[in-house]
Amino acid sequence: MAADSGGGPRTTGVRVGPIDLAARVDEALAVQAVAFGLSAAEVEVRRHIVLRHLDHPHARALGALTPEGRLVGFVYGMPNDRGHWWSTVVEPYLRATGSAHWLDDAFVITELHVHPDFQNRGLGRALITTVTDAVAQPRSILSAIDTDSPARGLYRSLGYQDLARQVHFPSAPRPYAVMGAPLPLRRAR
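Residues numbered from 1 in each chain as written. Predicted model: local features only at pLDDT ≥ 70, side-chain atom pairs only at ≥ 80, totals over all residues. Heavy atoms only, no water.

Trainee: Got a sec to walk through the packing of aromatic side chains? Specific residues and values, please.
Mentor: Summed over all chains, the structure comprises three aromatic pairs. Aromatic pair Tyr-155 and Tyr-160: ring centres 5.8 Å apart, planes at 65°, arrangement edge-to-face. Given a relative accessible area of 7%, Tyr-155 falls into the buried group. Assessed through its relative accessible area of 2%, Tyr-160 is described here as buried. Between Phe-169 and Tyr-176, the aromatic rings sit 5.2 Å apart at their centres with planes inclined by 85°, giving edge-to-face as the arrangement. We classify Tyr-176 as buried; its relative accessible area is 12%. Within the aromatic cluster, the residues linked to one another by ring pairs are Trp-85, Phe-169 and Tyr-176. It is Arg-121 that lies over the ring of Phe-118; its NZ or CZ is 5.3 Å from the centre. (Phe/Tyr/Trp six-rings, centres within 6.5 Å; stacked < 30°, edge-to-face > 60°. Buried < 20%, exposed > 50% of the residue type's maximum accessible area, 1.4 Å probe, protein only. Lys NZ or Arg CZ within 6 Å of the ring centre and 35° of its normal.)

Here is the structure:
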């Protein structure tokens, strides 16, 4: 997707497309560290998690690349599996709200991050809509820090709704919200 195409990112020359995320994991985690405020120790833990996730045969990853090839954003996800750690943590919260069925036949957005210098230009929207447009599942789910943030605003604008709030992940200092949306995601009006 060209950065200056209608409805696409408003960052001249930045392109959204498939990447070999395993080969670029350190670049991606550098973006995530800046965007999410991660320490070096947290980055190292996440590196192993990302590489393990990418072993999933249906994992999909996209990157946002400058004309010089700099990775300034990325998204990846995979079809949900109730046996995966994330599902086992969120399932009781979803069951309590009557939303546990969202775990079935859903594509999970595992990570979506855009470097702060490139935020608010449509890259996050382009990354998430492009990755979900290519999946067979009828819905998408994700978790986001449970605050009124620009990320949550983006997700809501795409049709994601809160399925459960105040979800506590082990070792995460802040609670999360689990959100879900039917696919395809809503486009800007």
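Trainee: Before we move on, could you go through the packing of helix α1 (residues 25-36) against helix α2 (residues 40-53) and cite the residues and values that matter?
Mentor: Put simply, α1 and α2 touch, their axes get as near as 10 Å, and they point 130° apart. With respect to α2, the axis of α1 lies oblique. Crossing geometry of α1 relative to α2 is assigned as right-handed. Seen from α1, the contacting residues are Val-25, Asp-26, Leu-29, Gln-32, Ala-33 and Phe-36; seen from α2, they are Val-43, Arg-46, Arg-47, Val-50 and Leu-51. Among the residues forming the contact of α1 with α2, the class breakdown is seven nonpolar, one polar and three charged. (Axes fitted to C-alpha atoms, helices over the stretch in contact; angles between N-to-C directions. Helix = DSSP H or I, 4+ residues; strand = E, 2+ residues; numbered from the N terminus. Parallel < 35°, antiparallel > 145°, perpendicular 65-115°, else oblique. Left-handed = near helix turned anticlockwise from the far one by under 90°. Contact = heavy atoms within 4.5 Å. Nonpolar A, V, L, I, M, F, W, Y, C, P; charged D, E, K, R; others polar.)

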